[in-house]
Amino acid sequence: MKKQRFLVYTEYVFDGVYDVVAESKEEARQKVLQNCGLVMGGSIHSTLPDDEINWAFDRHPNKRIDRITKV
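Numbering of residues starts from 1 in each chain and follows the order in which that chain's sequence is written. In keeping with the predicted nature of the model, local features appear solely for residues at pLDDT of at least 70, side-chain atom pairs appear and are counted solely at 80 or more, and the whole-chain, interface and lining totals rest on all residues. Calculation of side-chain values draws on the structure's entire complement of heavy atoms; hydrogens and water are dropped beforehand.

Asker: Tell me about the confidence of the model for the protein, and please be specific about residues and values.
Answerer: A residue's pLDDT is the confidence the predictor assigns to it, expressed on a 0 to 100 scale. On average, residues of the protein score 93 in pLDDT, and 100% of them reach the 70 mark or higher. Here strand β4 (residues 44–46) stands out as the least confident element of the protein, with mean pLDDT 89; helix α1 (residues 25–35) is the most confident, with 97. Going along the chain from the N terminus, every DSSP run of H or I of four or more residues is numbered as a helix, and every run of E of two or more is numbered as a strand.

As structure tokens, then:
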């Protein structure tokens, strides 16, 4: 049987929590949106000072296959 190529659309979802020091829910939300992230091959990071943020995330994401398309 001849092998074929397929595009497999995949999402990796990391669930976790940021523990943020802020004056309101909106400020906490903005701090996470603007100062926190994850880079593939790297780790979760933040530009906020250590006394304003902490986090707990699983090391292994949930994997979701969305669709598969024949090329």
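Asker: A description of the environment of Ala56 should follow, citing residues and the corresponding values.
Answerer: As for its placement among the helices and strands, Ala56 is situated in strand β5 (residues 53–57). Spatially, the C-alpha atom of Ala56 lies 8.8 Å from that of Asp15, the residues being 41 residues apart in sequence.

Asker: Help me get a handle on the packing of aromatic side chains, residues and values and all.
Answerer: Stacked, tilted and edge-to-face pairs are distinguished by plane angle, under 30 degrees for stacked and over 60 for edge-to-face with tilted covering the rest, among Phe, Tyr and Trp rings (Trp via its six-membered ring) whose centres lie within 6.5 Å. Scanning the entire structure with this criterion turns up two aromatic pairs. A ring pair is formed by Tyr18 and Trp55, whose centres lie 6.2 Å apart and whose planes are at 70°; its orientation type is edge-to-face. With Tyr18 in strand β2 (residues 16–20) and Trp55 in strand β5, this pair connects stretches of sequence that are 37 residues apart. Partly exposed residues are those whose accessible area sits between 20% and 50% of the maximum for their type, while under 20% is buried and over 50% is exposed, using a 1.4 Å probe and protein chains only. Among the residues examined, Trp55 registers a relative accessible area of 33% and is labelled partly exposed. Of the residues examined, Tyr18 reaches a relative accessible area of 22% and is grouped as partly exposed.

Asker: So what's going on with the environment of Arg59? Which residues, and what values?
Answerer: Here Arg59 lies in the loop between β5 and β6 (62–70). The class of Arg59 is exposed, set by a relative accessible area of 76%.

Asker: So what about the pattern of salt bridges? Which residues, and what values?
Answerer: The term salt bridge refers to a pairing of a side-chain nitrogen on Lys or Arg with a carboxyl oxygen on Asp or Glu at a separation within 4 Å. Tallied over the entire structure, the rule returns five salt bridges. The salt bridge involving Arg64 is made with Glu11; its shortest N-O contact spans 3.8 Å. Here Glu11 lies in strand β1 (residues 6–13) and Arg64 lies in strand β6, a separation of 53 residues in the sequence. Residue Glu11 is classed as partly exposed on the basis of its relative accessible area of 41%. Among the salt bridges present, the one from Lys31 reaches Glu27, with a minimum N-O distance of 3.9 Å. Remark: Glu27 and Lys31 occur in helix α1; sequence separation between them is four residues, near one turn of the helix. Because the salt bridges share partners, they merge into one network encompassing Glu27, Lys31 and Glu52.

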